[in-house]
Amino acid sequence: MNKIFLIGLLALGYIGYKKYIFAKKVNINLKDFGFNGGTFLEPIINVKLEVKNPTSTTTDLQKITGEILLQNKIVGNVCQDINQKILSNQKTIINFDVKLNLKDAAIILIQNKFKNQNLVIKGNLMIDFIFIPFTYTVKLP
């Protein structure tokens with residue numbers, strides 16, 4: 001009985017170690033973002049992230065949460081369940097939509113005279129029940 005317990009404990013330790021390595025080495029890149037429908041007052045921004053799994057084990061992407069900020073004010077957010085596998089030593093593209101609150105965004109743009117605007121996309125990917133943060137800043141023209 002003790003041998004079975006020890007083998008189980010070792011297996012759990014190995015899985016935990018692989019998850020730790022994944023969390024340390026995962027590579028998340030912003031591939032693209034742009035408007036993708038919605039209404040005039042609540043346009044939808046589509047964001048594409050590329051996630052590279054550097055480990056030799058397949059991982060599961062469960063959820064994405066995040067927000068879009070303009071001058072440090074939240075103008076959009078996302079909380080979306082995603083059921084997607086990321087194969088070992090492979091890249092995968094994750095698409096998600098964010099509703100933009102145009103009223104709040106317009107107020108910020110007008111207050112700053114449309115100059116030097118940075119759009120920040122930040123959030124967390126939940127991969128194998130580990131939250132992995134990401135942040136990207138995009139300079140608006």
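None of these values were measured; they are calculated from a predicted model. (Residues numbered from 1 in each chain as written. Predicted model: local features only at pLDDT ≥ 70, side-chain atom pairs only at ≥ 80, totals over all residues. Heavy atoms only, no water.)

*Asks:* Which residues make up the pairing of strand β1 (residues 27–38), and what values go with them?
*Replies:* The pairing of β1 with strand β2 (residues 43–52) spans nine bridges and is classified as antiparallel. Among the inter-strand pairings, Leu 30 is bridged to a residue of β2, identified as Leu 49. Hairpin connection, β1 to β2: the antiparallel pair is bridged by four residues. (Pairing = 2+ DSSP bridges. Helix = DSSP H or I, 4+ residues; strand = E, 2+ residues; numbered from the N terminus.)

*Asks:* So what about the pattern of salt bridges? Which residues, and what values?
*Replies:* Within the structure shown, the criterion is met by two salt bridges. The shortest N-O distance in the salt bridge between Lys 31 and Glu 50 comes to 4.0 Å. Placement of the pair is Lys 31 in strand β1 and Glu 50 in strand β2, with a sequence separation of 19 residues. Judged by its relative accessible area of 13%, Glu 50 falls in the buried class. (Salt bridge = Lys/Arg side-chain N within 4 Å of Asp/Glu carboxyl O. Buried < 20%, exposed > 50% of the residue type's maximum accessible area, 1.4 Å probe, protein only.)

*Asks:* Quick one: what's the story with the side chain of Asn 53, residue by residue and with numbers?
*Replies:* Its place among the elements puts Asn 53 in the loop between β2 and β3 (59–70). At 3.3 Å, the side chain of Asn 53 and the backbone oxygen of Leu 87 are in polar contact. Beyond its immediate chain neighbours, meaning those up to four positions away, Asn 53 contacts Phe 22, Thr 58, Thr 59, Ile 86, Leu 87, Ser 88, Asn 89 and Gln 90. (Polar contact = N/O pair within 3.5 Å; in protein donor to acceptor, adjacent residues only side chain to side chain. Contact = heavy atoms within 4.5 Å.)

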